[in-house]
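The chain contents come next:
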Amino acid sequence: INSSILRIGDQDASSMPFPTLLELLRRPAGEISRITVKMPTEPKPSDLSLTHVQVLEKAVTHAILLKKHPGIGYIRLAQFTAGCAEEMEAALDDLEDQGMKQLILDLRGNPGGDLNATVKLLGFFLPAKTAVVTVRTRNPDDWETLATPENQRRKRDYPITVLIDRMSASASELTAACLQDLKRATIVGETSFGKGSVQHIIPMENGTALRMTVATYHSPSGRTPHGVGVTPDIIIEPTNKTPGIFSPPDQNSLDNWQDAGLEASLKLFTESKK
């Protein structure tokens, strides 16, 4: 990458260390960086102007009602950030106000994240003060069980399916396992990644570090996804038509795309009405 960026403003960047190059390219939103680049396919360098913008990373990337299936909502949660519970609650409120009666929660490709946010999110679908996650260390006296919040704004007892795949890990696996254990949701997709450990990073000499596992996460039944993953109630075998991460660009793509996990969820909801 360095050899392609020749100049940043008035500074020669052709042999600049990568961290220094990145630092020069970090500027407040609205400012402009002028760079000179040499693309492999172009005979001469090109001068470019880059306008810096603020990028807001969202945990909830899609929250819509399916046009062809009135009453069925679809929410994709990309990761468990510190603020994901607030984003999820706002999305649920909006879809419920529009008439949502059933929910498809897509956790495919979700690598996990904040444990406290995960517990809060589970509180949207489970009774208050429900034990959902236990953190187990070597010493049973130090085990910690986390429960859903005491207060709930809305009662959400509608049917739920949760989509997972081989890249769903950590907090997304805990969410799926908890809702599966407590018979609150049907899990659809592939067996998940298998990450259910608590690790500490210990800095060492010469720029190295030691990653030490100090505890494991366990769902209400006592199982941990670590090393084994979460097995869905309805298994979808992967094909070239079943991407691991579902992120359609618009409503039409969602309505027309043949997604095996989505179709299995819709079939389950349809059959439950008969």
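The structure presented is a predicted model; accordingly, all values stated were derived computationally and were not measured.

## Some words on the packing of helix H2 (residues 84–97) against helix H3 (residues 115–122)
Here's step 1: Contact geometry for H2 and H3: axes closest at 8 Å, N-to-C directions at 25°. If you check the angle between H2 and H3, you find them roughly parallel. Handedness of the H2/H3 crossing: right-handed. When H2 is examined against H3, the residues Cys-84, Ala-85, Glu-86 and Met-88 are found in contact with a partner set consisting of Ala-117, Lys-120 and Leu-121.

## Topic: the sheet that holds strand S13 (residues 209–218)
Here's step 1: Strand order in the open sheet formed by four strands is S9-S8-S13-S12, and the pairing between neighbours is antiparallel. In this open sheet, the two edge strands, each paired with only one partner strand, are strand S9 (144–147) and strand S12 (197–203). The sheet shows a mean angle of 25° between the axes of neighbouring strands, taken without regard to direction.
Here's step 2: The sheet contacts of H3 involve strand S8 (131–136), S9 and S13, and relative to S8 the element is tilted by about 155°.

## Things to note about the sheet that holds strand S2 (residues 11–12)
Here's step 1: Read from one edge of the open sheet, four strands run S2-S1-S3-S4, paired in antiparallel fashion. Each having just a single partner strand, S2 and strand S4 (46–51) make up the two edges of the open sheet.
Here's step 2: Bridging between strand S3 (residues 32–37) and S4 involves six bridges; their strand directions are antiparallel. Considered in S4, the bridge of Arg-34 is made with Ser-49.
Here's step 3: On top of the sheet, helix H1 (residues 18–25) reaches strand S1 (5–8), S2 and S3; it is set at about 45° to S1, its chief contact.

About the cut-offs
Residues numbered from 1 in each chain as written. Predicted model: local features only at pLDDT ≥ 70, side-chain atom pairs only at ≥ 80, totals over all residues. Heavy atoms only, no water. Axes fitted to C-alpha atoms, helices over the stretch in contact; angles between N-to-C directions. Helix = DSSP H or I, 4+ residues; strand = E, 2+ residues; numbered from the N terminus. Parallel < 35°, antiparallel > 145°, perpendicular 65-115°, else oblique. Left-handed = near helix turned anticlockwise from the far one by under 90°. Contact = heavy atoms within 4.5 Å. Pairing = 2+ DSSP bridges.

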